[in-house]
Amino acid sequence: MENLKTQVGIIGAGPAGLTLAHWLKKNGISSVILENRSREYVEGRVRAGLLEQNTVDILTELGLANRLRKEGQEHHGVYLNFDGERTRLPFGELTGGRNIWIYGQQEVVKDLTDAWLKEGETLLFKAEATELKNFETDSPEIVFEHNGEKGIIECDFIAACDGFHGIGRKTLPTENFREFTVTYPFSWLGILANVAPSSDELIYAYHERGFALHSMRSETVSRLYIQVDNDDDVSNWPDEKIWEELSIRLGTKDWELKSGPIFEKSITPMRSYFIDNMQFGNLFLAGDAAHIVPPTGGKGLNLAIADVKHLVDGLTDFYQNNSRESLNNYSKTALKRIWRAQDFSNFMTTLFHKQGEHGAFKYQLQKAKFDYIKTSKAYATTIAENYVGMPFEAFED
């Protein structure tokens, strides 16, 4: 039986849990991380690839961005297509120099995991948290199973960074929060392909056949998406059909989409979900454990890191000043950005996805917004500052 004792017990070795652990250590606070999957699985799963300015700044400050800055791609704008017409939002010009970086979530996880283990800290893989006990008291416990044996982590606080299906939110008393859920009437068919990107920046496209997105993961790997029905199946989309559809939906005059071998395909439903209270006693939720956004705005990973920032503020205030004020306000503080991100993600989703007959009322509203983006610097700035991530000071009272 493994008995561990620390100040903060962290469930989940994704970007949220790992960033939290590193940041706490920098502030002199100990932690232990549990991850129910293997290291190979966690470091290999392809997720988000867009990092906001805030996220890059935080990782840099923690000394964890060396490879990111060497291998990642800084983007200073984004292309927006509507019915084959393209315009560009110049991020830096509109936001005072704030931009985004393209760097895969799995690469962030590798960097943070390597650094944590290199420093001799504790991270248990294939260790499943099975029960959270006494979190309404000053002596919480995480009961877990590891290598076929039962273990317990005794701690002051529990940070559940364990995703939508994790034990954290399932344990939070249901009378303590309200749930908000939106399911969109379409999904994304996403691919990874061994081909150089066809664009220097991301392309979001509305087309009468449906939405498309051109993204990338490196100079040799492209990440692309198309809108499909919720009941569609990957088997309906051979490689040739996918490239043909992408070429049509992303197409503009004098621009050509490069194609290459596809090595991954998947269909992802589009939904919004979150709860309006992310804490109870000494149990705190961060990241996907508390909220899901449609990927159109690129906010998932970045919201998780923002949660961590607020949680670190609260825990540091507690240990250094013996004050619970920031901890008690953790949900209230984090939800300001979460609501903003939910609104922006919904805006981007409804702007670029086909929602009914081409040319009908919703289409005309979408076109009016796109036309306004082209003519109004103020409107373009609103979109740009949300896309690159608003500074933390913007949400201060």
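Look up: the structure comes first, before these words.
Residues numbered from 1 in each chain as written. Predicted model: local features only at pLDDT ≥ 70, side-chain atom pairs only at ≥ 80, totals over all residues. Heavy atoms only, no water.

### Quick notes on the overall build of the chain
If you tally the helices and strands in the chain, you get 13 helices and 21 strands. For a compact globule of 397 residues, the expected C-alpha radius of gyration is about 21 Å, and the chain comes in at 22 Å, within 12% of that figure. Its C-alpha atoms put the chain at 65 × 45 × 40 Å along the principal axes. Out of the 397 residues belonging to the chain, those deemed buried represent 58%. When contacts within the chain are restricted to residue pairs at least 6 apart in sequence, those whose partners lie at least 24 apart make up 72%. For the chain, the exposed surface amounts to about 17100 Å²; the carbon and sulfur share of it is 46%. With 43 positive and 57 negative side-chain charges, the chain shows a separation of 3 Å between the mean positions of the two kinds. (Helix = DSSP H or I, 4+ residues; strand = E, 2+ residues; numbered from the N terminus. Rg over C-alpha atoms; globule rule 2.2 N^0.38 Å. Buried < 20%, exposed > 50% of the residue type's maximum accessible area, 1.4 Å probe, protein only. Contact = heavy atoms within 4.5 Å. Areas by Shrake-Rupley, 256 points an atom, 1.4 Å probe, with all protein chains shown as cover. Lys, Arg positive; Asp, Glu negative; His and termini not counted. Charge placed at Lys NZ, Arg CZ, Asp CG, Glu CD.)

### Re the sheet that holds strand S5 (residues 73-75)
Reading across from one edge, S4-S8-S5 is the order of the 3 strands in this open sheet, with antiparallel pairing throughout. At either end of the open sheet lies a strand with only one pairing partner, and these are strand S4 (50-51) and S5. Taken together, the 3 bridges between S5 and strand S8 (residues 100-102) define a ladder with antiparallel strand orientation. Opposite histidine 75, over in S8, you have isoleucine 100 as the bridge partner. (Pairing = 2+ DSSP bridges.)

### Side note on the pairing of strand S14 (residues 179-193)
Bridging between S14 and strand S18 (residues 262-275) involves 12 bridges; their strand directions are antiparallel. Bridge assignment links leucine 189 to a residue of S18, and that residue is isoleucine 267. In this sheet, strand S17 (residues 222-228) lies alongside S14 in antiparallel orientation, the contact comprising 7 bridges. Directly across from alanine 193, in S17, lies its bridge partner serine 222.

### Looking at empty space enclosed by the protein
Vacant regions in the atomic arrangement are exposed by a probe of water-molecule size rolled over the atoms. Across all of its chains, the model carries 1 cavity of 30 Å³ or more by this definition. Each pocket or cavity is described by its volume, and for the largest cavity that value is around 130 Å³. Forming the boundary of the largest cavity are 17 residues, of which Glu52, Lys299, Arg337, Gly389 and Met390 lie nearest the centre. Among the elements of the structure, helix H3 (53-61), helix H9 (300-321) and helix H11 (330-352) are those that each provide at least two residues to the lining of the largest cavity. Among the elements that make up the lining of the largest cavity, the one with the highest residue count is H9 (4 residues). (1 Å grid on protein atoms, 1.4 Å probe; cavity = no way out; pocket = protein on both sides within 12 Å on 5 of 7 lines; lining within 4 Å. Points joined across faces, edges and corners; volume = space filled by probe spheres on them.)

### A word on the side chain of serine 272
Within the secondary structure layout, serine 272 lies in strand S18. In terms of polar contacts, serine 272 uses its side chain to reach the side chain of glutamine 342, at 3.5 Å. The contact partners of serine 272, leaving out residues within four places of it in the chain, are Phe180, Thr181, Val182, Tyr184, Ile292, Pro294 and Gln342. (Polar contact = N/O pair within 3.5 Å; in protein donor to acceptor, adjacent residues only side chain to side chain.)

### Examining helix H1 (residues 15-26)
In an α-helix, one turn spans 3.6 residues; hence positions three or four apart end up facing the same way. With 12 residues, H1 extends 16 Å between its outermost C-alpha atoms, agreeing within 8% with the 16 Å of an ideal straight helix rising 1.5 Å per residue. Most of H1 is tucked away: 10 of the 12 residues are buried. Within the sequence span of H1, burial applies to Pro15, Ala16, Gly17, Leu18, Thr19, Leu20, Ala21, His22, Trp23 and Leu24. Two residues or fewer after H1 comes glycine 28, characterised by a positive phi angle close to 80°. (Expected span 1.5 Å × (residues − 1).)

### Considerations on the side chain of histidine 353
Looking at the element boundaries, histidine 353 is found in the loop between H11 and helix H12 (361-375). Relative accessible area serves as the criterion here: at 0%, histidine 353 is assigned to the buried category. Here threonine 349 takes part through its backbone oxygen, which lies 2.8 Å from a polar atom of the side chain of histidine 353. Filtering out sequence-adjacent residues up to four positions away, histidine 353 remains in contact with Phe186, Trp188, Tyr206, Phe211, Gln227, Met270, Thr296 and Gln366.

### Side note on the nonpolar core
In this structure, Leu20 and Leu285 are the most contacted members of the largest nonpolar core, which totals 77 residues. In contact with leucine 20, other than residues within four places in its own chain, are Ile10, Ala159, Cys161, Val308, Leu311 and Val312. (Core = buried A, V, L, I, M, F, W, Y, C linked by side-chain atoms within 4.5 Å.)

### Brief notes about the packing of H1 against helix H6 (residues 105-118)
One way to put it is that H1 packs onto H6 with a least axis distance of 10 Å and a crossing angle of 35°. Between H1 and H6 the crossing geometry is left-handed. Mapping the contact onto sequence places Pro15, Leu18, Thr19, Ala21, His22 and Lys25 in H1 and Gln105, Val109, Leu112, Thr113, Ala115 and Trp116 in H6. Taken together, the residues that form the contact of H1 with H6 break down as 7 nonpolar, 4 polar and 1 charged. (Axes fitted to C-alpha atoms, helices over the stretch in contact; angles between N-to-C directions. Left-handed = near helix turned anticlockwise from the far one by under 90°. Nonpolar A, V, L, I, M, F, W, Y, C, P; charged D, E, K, R; others polar.)

### Looking at the packing of H12 against helix H13 (residues 377-388)
The interhelical angle for the contact between H12 and H13, taken along N-to-C directions, is 105°, at an axis separation of 6 Å. Between H12 and H13, the angle is such that the two are roughly perpendicular. Residues Lys369, Tyr372, Ile373 and Thr375 of H12 form the contact with H13, whose own contacting residues are Lys377, Tyr379, Ala380 and Ile383. Its residues placed into classes, the contact of H12 with H13 shows 5 nonpolar, 1 polar and 2 charged. (Parallel < 35°, antiparallel > 145°, perpendicular 65-115°, else oblique.)

### Side note on the pattern of salt bridges
The full count for this structure, using the stated rule, is 20 salt bridges. In this structure, aspartate 239 engages lysine 265 in a salt bridge whose closest nitrogen and oxygen atoms are separated by 2.7 Å. Pair noted here: aspartate 239 is in helix H8 (residues 239-250) and lysine 265 is in strand S18, with a separation of 26 residues, a long-range link. The network of salt bridges with shared partners includes Arg67, Glu71, Glu107, Lys110 and Asp111. (Salt bridge = Lys/Arg side-chain N within 4 Å of Asp/Glu carboxyl O.)

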